[in-house]
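# Observations on chain architecture
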Amino acid sequence: MNLSDLRAKADWVWRETLAIHLRAPETRLASSLSSIEIFVALYFGGVLRFDPTNARDESRDRCIISKGHGSICMYPILADLGYFPMEELQHVCESGSFLGGIPDPVIPGYETVNGSLGHGLGVATGMALGLKRKENRRDVFVVVGDGELHEGANWEAIMFAAQHNLDNLHLVVDDNSISMLGYTNQIVSHGDLGARLSSFGWDCLEVQGHDVVALRVALLRQKNMLNGKPTALIAKTLKGRGVPGLENAPLSHVVNPKPDLLDSLLGGV
Amino acid sequence: MPIKPLAMRDAFLENIWREMSNNEKIFFTCADYGSPVLDRIRADFPDRFVNVGIAEQNLINVSAGLALEGYTVFAYAIAPFITMRCYEQIRVNLALLSVVRPINVNLIGVGAGYSYVVSGPTHQCYEDITLMRALPNFQVLSPADHITAAKFFDTCINNCDPKYLRFDAQVLPVIYRNEAPNISKGFHVHKRSDEICLVATGYMLHTALEASIVLSEEGLQVGLIDLFDLAKFSVADLYDTLKSYGGIVSLEEGFRGRGGLDSMLFEFIARHEIKAKMLNIGVEGVYHFELGTRTELHEKVGIGPQAVLNSVRAFSRSLSK
């Protein structure tokens, strides 16, 4: 996909995510808006290898979406790629739909259970170890929010991955700097997260997390480092990006924007 | 020739070690916890052994990830730590995920009940039956000797659901001297009788067996069942075995009245309308910090040999009134 198409795809996913939230206000909009470009770069930027007709293809790269609630934007992406019919987007959170308020691995394209935070990185670490031992050269990406890095199990995995030289493991931090009750640096600060991860033996990059082209470059660089260290990409993002009143608002996690506002942002659709 | 008793973990790990030569899909994980046989696994299969360190949450997560990549995983740690330190990891990444994807992770918890006698309540484990049987797709296996423990190995290889094996930390006498029990029903009937049946699991089978001998000498014949599969036993077979008894006695090395074996049997007899009265023998009260032998500790909390005899005698008298 060329660069202008990538940007157009990210815009389309942003609009679709708003539209889903308008139909299903139970979904978490703000945390899904910070991760759109990350997922668009991963899935449309030629970073991940995958086969929508065979979701468990052994030769796929594994993508673990640890910040489950904040990945509603994956619904239009997976539908667009052909994992399931686009029509399903009309039924998010409805009885009988497999697209819930928080994604579960009953959704084609999701690998693990992501509703409870702080689990994805550890499981991804086990997958990365398993792939190495099977001599399968595929990679494992795992997308986490900075808030869920408060969970200690992540740091057990971070130490373990460095110890075992899992350079097929790639952490992507959607660093929107806000968890449910405010700014993470006022709750428990991660300090200089990149320096912290580096001191644990990881290679770290940082990127502006809404520049889909820069993200694509950084993710590919991350994937190709192969120097015996796990890699982390810290994507600096804005929670609730593009929605007035929501963007970077400390309580954006729990505040739903007015339907009229979303209507007007979608151009009266 | 008499069979020499072994630690459950050594008998079980011996089978893993043997199978690892032929089966490249077996992975062994541990949270910095060993055994003599484990030393051989570490030496002979370094690529399929990993010690995550003192980090049980990561033990479960890494094991889940390995299972997603097609490995049959044996995860090994001290019983209270591998169940309670990481319960949500077990719930989310083993129990929930195994509904959607095959997750053959076998948790080996060593130190059931009071088996870490002098280590105190952090290392003792009286809650695991309750917690692990609450997870609906978990198999909960509780052997009384190393013969039974070793027999569970085939179940672990062939049944793809997650499992919890609660092993005693001590070397216990051999129960199954002549042949290993048939584990397909989930329990073994040692004695049959008419009025009272003792249903025991793990270490308490030994106490129950001794009690049954003393009671028999006193003229009270009791039935005796070793219930070693606490979640996926054959309902029909257990019903047939228990239906005619007037009194059922549960014996467990876990808290009484808090969702363990006693609750399981209460639910079972109520659901199947078995008209038996129940006596529950389990750990009374709260946590204890006193030191003593295992038997002394058991007597203090109501599950020692004397306490069991007294309780069953009184129960028998109450039934005949």
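Residues numbered from 1 in each chain as written. Chains lettered and ligands numbered in written order. Predicted model: local features only at pLDDT ≥ 70, side-chain atom pairs only at ≥ 80, totals over all residues.

### Side note on the overall build of chain B
Our working rule: Starting at the N terminus, helices and strands are each numbered in turn, a helix being any DSSP run of H or I of at least four residues and a strand any DSSP run of E of at least two. For the radius of gyration, the atom set is restricted to C-alpha positions; the globular benchmark scales as 2.2 Å times the number of residues to the power 0.38. Once C-beta atoms are placed from the backbone, each residue is buried if 20 or more other C-beta atoms lie within 10 Å of its own, exposed if 12 or fewer, and partly exposed for counts between those two. C-beta atoms are first placed from the backbone for all residues, and any pair lying within 7 Å is then listed as a contact.
A count of helical and extended segments in chain B gives 12 helices and 11 strands. For 321 residues, the compact-globule estimate of 2.2 N^0.38 gives 20 Å, and the C-alpha radius of gyration of chain B, at 19 Å, lies within 12% of that figure. The buried share of chain B, reckoned over its 321 residues, is 50%. A fraction of 77% describes how many contacts in chain B between residues 6 or more apart in sequence connect residues 24 or more apart.

### Quick word on the interface of chain B and chain A
Just so we agree on the cut-off: Charged means Asp, Glu, Lys or Arg here, nonpolar means Ala, Val, Leu, Ile, Met, Phe, Trp, Tyr, Cys or Pro, and polar covers whatever is left, Gly included.
With 24 residues of chain B at the contact, the number on the chain A side is 21 residues. Within the residue set of the side of chain B that touches chain A, elements represented by two or more residues are helix H3 (56-68) and helix H5 (87-100) of chain B. For the side of chain B that touches chain A, the leading source of residues is H3 of chain B, giving 9 residues. Residues that form the side of chain B that touches chain A fall into these classes: 12 nonpolar, 7 polar and 5 charged.

### Brief notes about the environment of cysteine 63 of chain A
All names here are of chain A. Secondary-structure assignment places cysteine 63 in strand S1 (residues 62-65). Under the C-beta neighbour-count criterion, cysteine 63 is labelled buried, with 24 such atoms within 10 Å. The contact partners of cysteine 63, leaving out residues within four places of it in the chain, are Leu42, Leu48, Glu111 and Phe141.

### Remarks on the packing of helix H6 (residues 152-163) of chain A against H3 of chain B
Inclusion rule: Fitted lines through C-alpha atoms serve as axes, helices being fitted only where they are in contact, and the angles separating the N-to-C directions of these axes extend from 0 to 180 degrees. Between 65 and 115 degrees an angle is taken as roughly perpendicular, under 35 as roughly parallel, over 145 as roughly antiparallel, and anywhere else as oblique. In this scheme the crossing of two helices becomes right-handed for a clockwise turn of the near helix relative to the far one and left-handed for an anticlockwise turn of less than a right angle.
Remark: H6 of chain A packs on H3 of chain B, axes separated minimally by 9 Å, with the N-to-C direction vectors making an angle of 70°. Between H6 of chain A and H3 of chain B, the angle is such that the two are roughly perpendicular. The two elements H6 of chain A and H3 of chain B cross, and the hand of that crossing is right-handed. Of the residues in H3 of chain B, those touching H6 of chain A at Ala153, Glu156, Ala157 and Phe160 of chain A are Gln57, Asn58, Asn61 and Val62 of chain B.

### A short note on helix H8 (residues 204-217) of chain B
Residues and elements named next belong to chain B. To keep things clear, this is the line we draw: Every helix has an expected span of 1.5 Å times one less than the residues it contains. This arc is taken over the directions from the axis of the helix to the C-beta atoms.
Its 14 residues place the ends of H8 20 Å apart at the C-alpha level, agreeing with the 20 Å of an ideal helix rising 1.5 Å per residue. Among the residues of H8, Met204, Leu205, Thr207, Ala208, Ala211, Ser212 and Leu215 are the ones counted as buried. The arc that holds the buried residues of H8, viewed along the axis, is 150°, so those residues lie on one side. Facing away from the buried side of H8 by over 90 degrees, the exposed positions are Ile213 and Glu217. Taken together, the buried residues of H8 touch strand S7 (187-191), strand S8 (196-200), strand S9 (222-227), strand S10 (247-255) and helix H12 (305-320). Immediately downstream of H8, the backbone of glycine 219 shows phi near 95°, a positive value.

### Digging into the domain arrangement of chain B
By a frequent convention, interface size equals the accessible area lost on bringing the separate parts together. All names here are of chain B. Threshold: Throughout the structure description, domain borders are defined by an automatic or database domain assignment.
Taken domain by domain, chain B comprises domain 1 (8-167) and domain 2 (187-320). Between the C-alpha centres of domain 1 and domain 2 the distance comes to 27 Å. Counting from both sides, the interface comprises 22 residues of domain 1 and, opposite them, 29 residues of domain 2. Those elements giving two or more residues to the side of domain 1 that touches domain 2 turn out to be helix H6 (128-133) and strand S5 (139-141).

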